[in-house]
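# Coordinates in review
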Amino acid sequence: MEETLPDAARDALLEAYRGYAAAPVRSAEQKRQAASLAQLAAAAKGAGWPMRLLAEPCGVSAERMRQFAARHEGDVDANVAALFPAYARPAPARRRPVEHPHLSAGEAAELRDLAVLARRRTGSHAADSAEAQASGRFTALVREHHERGVIWAELSAATTHWTSWPLQGAERELEPVVRVSGLRQRIGRARG
């Protein structure tokens, strides 16, 4: 829902501001127009209207409109007050949940099996060792799945010792072999 002033209120604000701006500086006419604009601003403020919506048709800042409202003294004329119904803030737009792709059971099983070997890799393993091969493949798969939109938490959860995918019941509480921070570090090191 878009926030807009009622047409009559918008027109009255615009007419009063134009009269104020066109009048000679510090003249009786400018003071009269300023008083009219101040009354409109005070009526709108009393009805809860945000100053930014009042300022928009006049082309001034919300702070300048607040200054006009602060100038008003006394009661607001009933006809002026009638121009501004009680302001109702529109409800925020609901965000649709983002749908992320998920790992298939086969993809998750491959990550689980590779994670165990990849975790064992140290600098002392030869480049052609099973651990080194598993580590490289594991890193490549994690990067590939994350780039297609699978979230880090799901990638980490896939490294637990699960029996069925997606994780069910108590298996959700299992500690992953590789945590999210470890996955991010692994991808960061591979890029560097």
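Residues numbered from 1 in each chain as written. Predicted model: local features only at pLDDT ≥ 70, side-chain atom pairs only at ≥ 80, totals over all residues. Heavy atoms only, no water.

### Examining the overall build of the protein chain
Looking only at helices and strands, one finds nine helices and zero strands in the protein chain. When the helices and strands of the protein chain are read in sequence order from the N terminus, they spell out α-α-α-α-α-α-α-α-α. Taking 16 Å as the expected radius of gyration for a compact globule of 192 residues, we find that the protein chain reaches 32 Å, considerably beyond that expectation. Principal axes of the C-alpha set define a box for the protein chain whose edges measure 90 × 40 × 25 Å. By residue count, 39% of the 192 residues in the protein chain fall in the buried class. Restricting to contacts in the protein chain with at least 6 residues of sequence separation, those with at least 24 account for 66%. Computed over 27 positive and 23 negative side-chain charges, the inter-centroid distance for the protein chain is 5 Å. (Helix = DSSP H or I, 4+ residues; strand = E, 2+ residues; numbered from the N terminus. Rg over C-alpha atoms; globule rule 2.2 N^0.38 Å. Buried < 20%, exposed > 50% of the residue type's maximum accessible area, 1.4 Å probe, protein only. Contact = heavy atoms within 4.5 Å. Lys, Arg positive; Asp, Glu negative; His and termini not counted. Charge placed at Lys NZ, Arg CZ, Asp CG, Glu CD.)

### Quick word on helix H4 (residues 62-71)
Each α-helix winds once per 3.6 residues, and so residues spaced three or four apart point in a common direction. For H4, every residue scored as buried is listed here: Met65, Phe68 and Ala69. Down the axis of H4, the buried set is contained in an arc of 100 degrees. They therefore lie on one face. At its buried positions, H4 is contacted by helix H1 (7-22), helix H2 (28-46) and helix H3 (51-58). (Arc of directions from axis to C-beta.)

### Points about the side chain of Ser27
Turning to its location among the elements, Ser27 is positioned in the loop between H1 and H2. From its side chain, Ser27 meets the backbone oxygen of Pro24 in a polar contact 2.7 Å long. (Polar contact = N/O pair within 3.5 Å; in protein donor to acceptor, adjacent residues only side chain to side chain.)

### Considering the packing of aromatic side chains
Two numbers describe a pair of aromatic rings. These are the distance of the centres and the angle of the planes. Taken as a whole and judged by the stated rule, the model has four aromatic pairs. Measuring from ring centre to ring centre gives 4.9 Å for Trp49 and Tyr87, while their planes differ by 55 degrees; the resulting arrangement is tilted. Taken together, the positions of Trp49 in the loop between H2 and H3 and Tyr87 in the loop between helix H5 (78-81) and helix H6 (105-120) put the pair 38 residues apart, joining distant regions of the chain. Take Trp49 and Tyr87: they sit in the same class, and that class is buried. Arranged with centres 5.4 Å apart and planes meeting at 50 degrees, the rings of Trp162 and Trp165 form a pair that is tilted. Take Trp162 and Trp165: they sit in the same class, and that class is buried. An aromatic cluster is defined as three or more aromatic residues linked by ring pairs; in this entry it consists of Tyr17, Tyr20 and Phe68. (Phe/Tyr/Trp six-rings, centres within 6.5 Å; stacked < 30°, edge-to-face > 60°.)

### With respect to the packing of H3 against H4
Direction vectors running N to C along H3 and H4 enclose 100 degrees, while the axes themselves pass 8 Å from each other. By the angle class used here, H3 and H4 are roughly perpendicular. Of the residues in H4, those touching H3 at Met51, Arg52, Leu54, Ala55 and Cys58 are Ala62, Met65, Arg66 and Ala69. Looking at side-chain class alone, the contact of H3 with H4 contains seven nonpolar, no polar and two charged residues. (Axes fitted to C-alpha atoms, helices over the stretch in contact; angles between N-to-C directions. Parallel < 35°, antiparallel > 145°, perpendicular 65-115°, else oblique. Nonpolar A, V, L, I, M, F, W, Y, C, P; charged D, E, K, R; others polar.)

### Here's the deal with the nonpolar core
Residues Leu13, Trp49, Leu54, Met65 and Phe84 are the most contacted members of the largest nonpolar core, which totals 27 residues. Of all the secondary structure elements, the ones that give two or more residues to this core are H1, H2, H3 and H4. Filtering out sequence-adjacent residues up to four positions away, Met65 remains in contact with Ala41, Met51, Leu54, Ala55, Cys58 and Val60. Membership of the second largest hydrophobic core comes to 22 residues, among which are Leu103, Leu111, Val178 and Ile187. (Core = buried A, V, L, I, M, F, W, Y, C linked by side-chain atoms within 4.5 Å.)

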